[in-house]
Each structure stands twice: as C-alpha cells, then as structure tokens.
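Chain residues, written in single-letter form:
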Amino acid sequence: MAMDINEKVIQKFNRHLKSNLNNLEGIYDFQEQLKKEKDEIEKSLSMASTTTPSKVKAVIENVEHVSCEIKQMQETYLDLSEMIADTFSKNDKNLELQEVFDKIEQLDKSLSYLYFIRHVNNISDEIETSLLSNDDQFTITLYMNLTNISCQLQTSTCRHLTSYIHETLHFWHNLIKEKLSKEFSDLLKQLKWPFYGTNTTSVNASTTETLTRFKILIKYLFHLQLPEEMIKPVVTSVLLTDFAPVSLPVVFLIRPFRQRFIYHFTGAKLTNRQDKPEWFFTQILTWIKDHAQWVEKNVQPVADSIGLEHLDMKAEFMRALVQLAVEKLHSELPVVQYDDTLFAHLVDEALGFERELRETLLYPQTQPATIFILTQAHIFVKWINMEKKYATEKMDAILSSNMAWERLTGSDVDDMKITECADAFLTLLTTISDRYKHLPQPGHRLQFLELQLELVDDWRVRLLQLLHESYEDPLTSLIPHILNTLHYVANVLEEWGVTVHFLQLHFFKKQFETVENASDKGNDVNENIGEIEGTVFDEAVALLRRLEKELINEISDSVALDVKAKSRAYRTDKWFAMQSSKEVASLSVTPSGCPMFQELATRLHTLHNILALPLFNQAWKNLAAQLDQFLFEEVVLVNHFNNGGAEQLQYDILRNLFPLFGLYINKPDSYFPLIKEACVLLNILTGSAILLEEALNNNDKNESTQILADIGVYKMSAKLALKVIETRTDTIHT
C-alpha cells in the first residue's frame, strides 16, 4: 500500500514538474496547490463530523424496520405453508371424486351414443317394415326423420357417428328411390311422357287418378331429396360445374330424354353427324317447347305446397335439357376445331340455340347455356380468328360482286342512294353484333368490338384502293357510289354508337383504358375516372367523314372545272358594248353563256341523280361558292360594263344561274353573294354610282359598310365595291 502511495506521489510530481529540471522553481506553486487541497480536505472532514451521526442514525432505524418486516413475513409464510398442506390433503379426496364423476359422465355419454344408434336402427327397422308393406307415406315420413337427424349432426364432432348416419341415409335413399323409380316410370308411360307428334294431345286425356298419383310421387321425391351438403354432383368436365344439381323429380323426368339423346346423338347413328349440329340443338329446343309448360303447371304447385317456393321447376327442367346440349357441344368442339367450316357451323348453331333459349323460350339469364363453352380461352381465340377470316372473305365477295354498286330499291332509301355493298357490309357488322351481344363478360365483347372497328377501317382502305384504280370522269366513275356508301355507313355507325349496346361497350372500354393507364403511372384509379363522352365509333366515323369530304371536294372541283371550261367565250364577251334593254325587244340569255349554263344544268342534274341528298347538298354548296368566286373575278373584275352589259349580266345571273340552282334549293341567291352584289353595283344609276364611289373613298370602314348596306350590299368590302364600280364605263375618269 505504501509503495502505491509513493508511486502515486512520484507520478503526481512528475506530471507537475515534467522532465525539465529548469522548472524546479514551480515547486513552490505546487506546494501552495497541495496546501489548498489539504485545507479543503480538512474542511470537508470537519463538516462530516457534524452531519454523519444523523445520517447513520436514520440508516440504522431503516434497517431495524426492514428486519421487523422480514420477521412478520416469515411468520406469514409458515402459516400459509400449513394451510397449503392442509388444502392438498383435502384436494386429494376431491380428485378421487372428480375421477368418479368423469367416469360416470363418460358412461352416460356412451349410453346416449348407444341410445342414439338404437334410435337410428329402430327407424331403419321401421323403414324396412314400411317398405315391405308398401306404405310409401310412412316410409317417406320415417326417411324425413332420418334426414332431420342427419342435418342436426352436421356440427357434431362425433365423426364416426355422423358418417354412420350418412351411410344409413344413403342406403335407404337408394332403396326408396329404386322403389319409387319403378312406379314413377310406369306413371310416365301412362302419361305417355315424353310427348311427341300426335302424342302431345294425349296429355289432356290422362285420367285424374293417374295425374293425382303422379303428383303424390313428385311430393315423395321432393322429400326423398338428400341434404345439399351430402349431394356430390357427378360431372364429366370442370366446365359443367356451372350447372347446379336439379331436384330429384326433374332427374326422373329428364331420364327418358337423356336416354333418347344418347341413343340418337352418340356413336355411329345416322343422326349423329358433325356437319349437322342443328339436329341435336333443335331436338333440345323442341323438347323444351313441348314439355316446359306442362312441368310448370303440374310440378311447380307440388313444390309450392311443401314449402319449396324458391325452386323454379320450369327453369330446372330447361337447365337439365340444356346441359345435354352443352355436354354434346363440349365433346364436339375438340374434334371440329381443326376444320374451319365445321367449327364455324357449330358456333353458328350454338349461338342460334342460345338466342332462341333467351329470347323466345325466356330461359333465365342467370342460368348457363352454350356461350360459356365458346368463351374458353383456346376456343374463344379460334372463334375470333374465324370471325375475322370469314368477315374478310365476305368483304372481298361484297366488293367484287357485280351488284356491289347497285342501289337498293324502295321509297324510304331513294334519297340516300344506298348501295348493295353498303347494306351488305352493315349487315355483316350487325351479324357479328348479334353473335356476341349475349356474351356475359365485357372483356369478350370488347374483343369483338375491336374486330368490328378493324373491319370498318379495312373497309375504308379497300374503298381507297378502288378510288386509286379509277381514272375516269368523277361523275361517271365509282366515286359517287363510293361516296354514297361512305356516307350511309358513317351515318349508321353514328346511330349505332348511341344505342345501349355500344354505349355500354364504350363505357367498359374507357374504364379498361383508365385502369391500364393508372396502373402504368402508379396512380389511384378513382382519380383518373372522369365523365365519359363520345362513342366507340367516333374515330372510325371521323376517318370516313374525312374521306367523304375529300371526295365531295373532288367531285365539286371536277364539275366546276367543266363549267369553267365552257366559259371562255362568256368571259371575253364585249360587255362594254352591249345593247341595253331599251334598245331590244326583250332580254335573253347571253349567247356566249349558253354552253356554260347548259353544262352547269347537265352537271347539277347528274349530281342530283347520283348522289345521296345530303351529299348533293354539300356538292352544290361547294360548286356555288366556286362559281360565285369565279364569275366575280373572271367576268366582273376583268371586264368593263356599259349599261347594256350590266343589265345583261344581271339578267344572266338572276334569270339563268339562280334558277338552275333554284330547282334544288330555296333562295339560291344567298349562296352567290359576290356576283349578286356586283350586279347591284353595276346597275345602280350613274349619279348614284359616282356619289357612292366618292363616299367610299372619303369615309371610314364603319360608314362605308353602312352606305353599302343602304343600297343592298352586305357581304362585299368597300375595297371590292370600288373595284366593281371602276369597271363601269360611265364612271371611268379620263
């Protein structure tokens, strides 16, 4: 210990003085520091000598208190130990009694278990006795008791007992069903079921006794029905699980039909032909038509009378027969899918069968039929491709037909000039719509819609190709027929777009696109769903309208060129030296203008005959605008007019040009604003013309417009009006 202290002292001196021997003067400072530390230590010790006794006393008192508590806890522990030991001794006796009670309870349960089995066995014995005595009513009552017991045990943990009850119930179910089946078959023979041919009238001749017994057996069969949880439907394909099991009476009623169906439409029978699927579809439809109402009339009331109102016996009967057709269709598809002709025919007949079921026989939409077989992935792809192939071939046949550009006859289609190919193409699209409109899944319908839109675009491209092959005069080529076709198809597509069928598809299409875009961008779908506008055909119609507009312009330009080609003599006539109305007996059309007006009349008549009325209205408006501009620029502005020339031009316009258009429209003059107002300016009095010219030169735009309006010039600008006035020989300033 002394060494430790010495070392600490030495280390402290070394730290303070360090290795520099010249620093020994610092020893005095170090001494002073040590003295201060010593004084502080002594001071703290003197303070401790005064405060320590009170702290030590408190600690001692606390220790004594804790010691007392420990002694008390030891005493309590001893008391508790004695009590626990005493309780254990008593519990040993209780445990022995509990074991006895548990054993008694177990024996009691075992006895109840045996009593339960004996009760079931007694019921079985009674069922056997009643079967032997042919007491069907009592047999069914006992069976219903057994069924109730089975239902009560559904939640039981006694698996073996539950299994025993189920096996017992199945055993008696099969025996009773076999017995009732024989009697039921005999009754069906007496009723001459199934009905066919002249046999359909025999049902009304059935005796009341036979029908009464039939209804009693129907009631027994309803009661004989196994609980739903015990029914294990037997299906030949996963697809057929959509067909819910039918009730036992319907199973018995369907049995003869199934036998006949299998006999006629399987194996090597002559009626089982892959190229004649309509035979088995028609047979099913015929059976439904001949028997469904009878089932509803005679079986449904029995179900209602025993509390089974929720069962629709007619729908069940139809579903059981439809299942026969679906099973047959399902077995045929894998074979015929490699032959396009057979496959197409089978699909046609399956769709026709579905349509007949839903629309004519009112088969419930919630019940399965043939559509869900056709929408299997691999079959659906084949179906879509087949539709596209045959539609393309049909379009080729439509356009290559000798009658393609002939018009449909009928007073209601004359104005539209509907062509055979337009009607045939729309019929093709309608047929496709009819084939897929019953598909329950929007995704499947949208795929068919995309096919239709693709066909419309393909149709437009084919018409374009025909246009490029035509180099004749537009009015005698295919252009007018193609125009009428485009116009009619576009109009019909616009009408279709606002029908319920296509509006729903437009909604689904936009929804799918919204979801897809939101998924790609990682946005919330609800944030991207806005108001849906337009129709599914908007883009297709826009392309058709654009082509329609181009062709209208081409035809209008062609007619305008032909008319202009006949106008040279008219344009270069001596307008400055013509006789006035006072110098001739009466005015008549300018001779040099006859070829032009004759050409115009002929072309307008031709346009009216070959174009649909809405297209003709567009064409003559385009033509009128071009002729108005042409006559103004090439006749009025480049010539000079004396009074006779001005009167002659006005006569030609008012009495020849306007009446030619007046054959087809009211107020044709409103479509020739330039030439009409030029005639007004050319024919006002000389003094008025001079004053007008001065006013137009000296007034601002607004005042000039008002001055022109006062003389009936509304469309022409002041600048153009001045140019027209300057062509008058009586206002030319020398």
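Structure: see above.
Residues numbered from 1 in each chain as written. Predicted model: local features only at pLDDT ≥ 70, side-chain atom pairs only at ≥ 80, totals over all residues. Heavy atoms only, no water.

Q: Outline the overall build of the protein, supporting the account with residue identities and numerical values.
A: Broken down by element type, the protein carries 26 helices and zero strands. Within the span of the protein, comprising 734 residues, buried residues form 39% of the whole. By element, 54% of the accessible surface of the protein is carried by carbon and sulfur atoms, the whole surface being about 42,100 Å². (Helix = DSSP H or I, 4+ residues; strand = E, 2+ residues; numbered from the N terminus. Buried < 20%, exposed > 50% of the residue type's maximum accessible area, 1.4 Å probe, protein only. Areas by Shrake-Rupley, 256 points an atom, 1.4 Å probe, with all protein chains shown as cover.)

Q: Before we move on, can you summarise the packing of helix α12 (residues 377-400) against helix α13 (residues 420-436) with the specific residues and values?
A: Between α12 and α13, the least distance of the axes is 10 Å, while the angle of their chain directions is 165°. Taken together, the axes of α12 and α13 lie roughly antiparallel to each other. Considering the relative orientation of α12 and α13, their crossing is right-handed. Across the interface between the two elements, W383, M386, E387, A391, K394, M395 and I398 from α12 touch C421, A424, F425, L428, I432 and R435 from α13. (Axes fitted to C-alpha atoms, helices over the stretch in contact; angles between N-to-C directions. Parallel < 35°, antiparallel > 145°, perpendicular 65-115°, else oblique. Left-handed = near helix turned anticlockwise from the far one by under 90°. Contact = heavy atoms within 4.5 Å.)

Q: Pulling in residues and values, what's your account of a nonpolar patch on the surface?
A: Residues L97, V100, F101 and I104 make up a contiguous nonpolar surface patch of about 390 Å² in total accessible area. Take I104: it is sitting in helix α2 (residues 27-132). (Patch = residues over 30% accessible without salt bridge, like charges linked within 9 Å, V, L, I, M, F, W, Y side chains within 5 Å. Salt bridge = Lys/Arg side-chain N within 4 Å of Asp/Glu carboxyl O.)

Q: Account for the packing of aromatic side chains, naming residues and giving values.
A: In this description, a pair of aromatic rings is defined by centroid distance and the angle of the planes. Scanning the model with the defined rule gives 33 aromatic pairs in all. Centre to centre, the rings of W575 and F641 are 5.6 Å apart; their planes meet at 45°, and the pair counts as tilted. Taken as a pair, W575 in the loop between α19 (568-571) and α20 (594-610) and F641 in the loop between α21 (613-636) and α22 (643-662) lie far apart in primary sequence, 66 residues in all. Geometrically, the ring pair formed by W620 and Y671 is edge-to-face, given 4.7 Å between the ring centres and 85° between the ring planes. With W620 in helix α21 and Y671 in the loop between α22 and α23 (673-683), this residue pair connects regions lying 51 residues apart in the sequence. Its relative accessible area of 3% is what places W620 among the buried residues. Aromatic ring contacts, followed pair by pair, group F184, W193, F195, F214, F252, F257, W287, W294 and F317 into a single cluster. Sitting over the face of the ring of F343, K382 holds its NZ or CZ atom 5.6 Å from the ring centroid. (Phe/Tyr/Trp six-rings, centres within 6.5 Å; stacked < 30°, edge-to-face > 60°. Lys NZ or Arg CZ within 6 Å of the ring centre and 35° of its normal.)

Q: Describe the pattern of salt bridges, with residues and values.
A: Going through the model one piece at a time under the given rule, you end up with 27 salt bridges. Residue K389 is joined to D340 by a salt bridge in which the shortest nitrogen-to-oxygen separation is 2.7 Å. In this pair, K389 is assigned in helix α12 and D340 in helix α10 (residues 340-360), connecting sequence segments 49 residues apart. A salt bridge links E494 to R545, with the shortest nitrogen-to-oxygen separation between them at 3.1 Å. Of this pair, E494 sits in helix α15 (residues 479-497) while R545 is found in helix α18 (residues 538-565), placing the two residues 51 residues apart along the sequence.

Q: Lay out the side chain of N484 in plain terms, naming residues and giving numbers.
A: Within the secondary structure layout, N484 lies in helix α15. A relative accessible area of 1% means that N484 is categorised as buried. Not counting the four nearest positions on each side in its chain, N484 is found in contact with M416, K417, I610, L611, A612 and L615.

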